[in-house]
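Coordinate inspection notes
Here is how the chains run, residue by residue.
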Amino acid sequence: MVWLWTWLACNSPAPDPAPAPTAEASLTLREGLFRREVIEVVDGVHVAIGFGLANSILLEGDDGVVIVDTMESGTAAREVLTEFRKITDKPLAAIIFTHNHADHVFGSGVMSEGKDVPIWAHATTESHIDRVVNVIRDTLQVRSLTMFGTAIPESRRIEAGIGPRLRFDPAKIALARPTHTFEGRIEIEVAGLQLELVHAPGETDDQIFVFLPDRRILLPGDNIYQAYPNLYTLRGTRPRDTSDWVRSLDAMRDRNPEVLVPSHTRPVVGAAEVESVLRAYRDGIQYVHDQTVRGMNQGQSRDELAATIRLPPHLASHPWLQEHYGMVPHAVRAIVDGYLGWFDGDASDLEPVPPAERARRYAEAFGAGVPLSEATALALADGDLAWAAEIGRLWVESAPQDAQARATLASIYDARAEGHRNMNVRHWYLTQAGQLRGEIEVKPFDSAKSPPELVTSIPIDAFLSAMPSRLRAEDVLDVDEQVALEFSDLKRTFVLHVRHGVAELRERPATGVDRKLVTDSATFKRMSAKQISPALAVADGRIRIEGGTFAVARILGWFGP
């Protein structure tokens, strides 16, 4: 969506950036975060911290207890259970898995104490467990042990980002499988405890959160912990949908929790404190998503975006967003890959030189001190087109305005396209050759030329979902303003909250929002598609603005290419 409100838009200068904590200071702030202990968060809610990578949570009911998440091994689970039994001897009434990860489920056979108790999980959790245990077991185990530093000497380990260490041992797996599953949400009563279980995809597709509505206690699983989240995990995973993750955090916020008990790191008590943490966390995720998508739409590559996108100062310095577990550059790459896949759009990557051969040739070139221009010419003269393309790209990247470099790489792409039997690859080579010569320009279609009936047939939610990723975040880092968007024909109202570089757009009543744009959905869609002028629509009454035309136009003017 491209907004045409720049005729009235004005932008405030960004604040001077506050430095993020140094690595030493950041680690100092985390001292004691994983201290081994069982703490009583509030009456009847206990959390075991520091016994393994994850926490295990004990909820005490009238005549029984519920355990949420069960550690990564029978050994760790037994240690936690021993501590829980010092607190109460009430019988176990149920176990709840927040998701399928090993550190949450592989101690369940011990926690169940050999009894046939209900084990609640999302409907897909068991299939996720089996996929990890069977389909990709070998590679995932090697990558996981590497990621968590299991083989590193104890003296060189600090922590594991979200826990003191991973205590996984394949020989000590004690898995009791789910017996009760659900989709969406379900309300259950166990041992006198009223529990709401809600599907909340984020770190995993099967993630759930547990909410005790009568006491406003929230157990968010792994959708929040005191570190920047693993929007991509180095051990390997399917793309994590960052938009789903944000929506799940907002669903938690909507319940106005007073107590937050994560399955990693320590709890938070107090409604204001919990809301502050949840909001910062969802903003930290949405900011990276939206600015990545914005850069993608501007034609920037994955590597360019990973090198430039960083959290704004107020989020970069937040204690719950330090990059001790996830990293923003890794998140950026994962978001790009999730939308576009492995191919970065550069033709030289379509048919690359094999890795061992590439390394040998780079060594030869560097050892001989051959300039990139000469190395490219030699490879081209030898008909070694794959190598010529790799070297030629480096030449162009090192001297982007060098006409000879661009012309040489274009000729290489022409040669690679000649006689190629794959038309997709051929077209890519030829298009980039033309771009290098300045003969071809490839631009998105002009939405203003789309048939009006096609534009108006698209659901309003599709237009609005694209809006946050059009925010020029660098212009609004010191802004906190809202405007309501009311669609009279749909009887639906959305509130747009531009908050320090993030645009939160949600369907809700406009309570407490002073500025409002009222229109019908067809007008909004056609205006968004540049088919009608906002100024004309205001003048002829199709758009009504409350709270100041200039102020609303200024807010909407922050969105654009």
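Below you will find a few notes about this structure. Residue numbers here run from 1 along each chain, matching the order of that chain's written sequence. Where local features are concerned, this predicted model is filtered to residues with pLDDT of at least 70; where side-chain atom pairs are given and counted, the filter is 80 or more; whole-chain, interface and lining totals use all residues. The side-chain figures draw on all heavy atoms in the structure; neither hydrogens nor water molecules are used.

As a further point, take the packing of aromatic side chains. The aromatic pairing rule takes the rings of Phe, Tyr and Trp, using the six-membered ring of Trp, and pairs them if the centres are within 6.5 Å, calling planes under 30 degrees apart stacked, those over 60 edge-to-face and the rest tilted. Counted under the stated rule, the structure contains nine aromatic pairs. Measuring from ring centre to ring centre gives 6.4 Å for tyrosine 225 and tyrosine 281, while their planes differ by 75°; the resulting arrangement is edge-to-face. Separated by 56 residues along the polypeptide, tyrosine 225 in the loop between β11 (217-219) and α7 (242-253) and tyrosine 281 in helix α8 (residues 271-297) bring together distant segments of the chain. Plain terms: the ring middles of tyrosine 225 and tyrosine 325 are 5.6 Å apart, the flat faces sit at 85° to each other, and that makes the pair edge-to-face. With tyrosine 225 in the loop between β11 and α7 and tyrosine 325 in the loop between α10 (313-316) and α11 (328-340), the pair connects residues that are 100 residues apart, well separated along the chain. A residue is classified by how much of its surface remains accessible, and tyrosine 225, at 0% relative accessible area, is buried. Given the relative accessible area of 13%, tyrosine 325 is considered buried. Counting every residue linked through ring pairs, the aromatic cluster contains Phe148, Tyr225, Tyr281 and Tyr325. Comment: elements are numbered from the N terminus, with helices defined as DSSP H or I runs of at least four residues and strands as E runs of at least two. Using a 1.4 Å probe on the protein chains alone, a residue whose accessible area is under 20% of its type maximum counts as buried, one over 50% counts as exposed, and one in between counts as partly exposed.

By secondary structure assignment, the location of threonine 98 is in the loop between β5 (92-96) and α3 (102-105). Side chain to side chain, threonine 98 and aspartate 69 meet in a polar contact 2.9 Å long. A polar contact of 2.9 Å, which involves the side chain of threonine 98, links it to the side chain of histidine 99. If sequence neighbours within four positions are ignored, threonine 98 has contacts with Val68, Asp69, His104, Asp206, Gln207, Ile208, Gly221 and Ser263. Here a polar contact means two N or O atoms within 3.5 Å. Within protein one must be a hydrogen donor candidate and the other an acceptor candidate, and residues neighboring in sequence count only if both atoms are side-chain atoms. Note on contacts: a residue pair qualifies if any of its non-hydrogen atoms lie within 4.5 Å across the two residues.

The working definition used for a salt bridge is a side-chain nitrogen of Lys or Arg within 4 Å of a carboxyl oxygen of Asp or Glu. Using the criterion set out here, one finds 44 salt bridges in the structure. Here glutamate 390 and arginine 358 are joined by a salt bridge, their closest N and O atoms 3.0 Å apart. With a gap of 32 residues between them, glutamate 390 in helix α14 (residues 385-398) and arginine 358 in helix α12 (residues 355-368) connect regions that are remote in the sequence. Residues joined by salt bridges that share partners form a network here, namely Asp250, Arg253, Asp254, Glu275, Arg282, Asp283, Arg499, Glu504 and Arg506.

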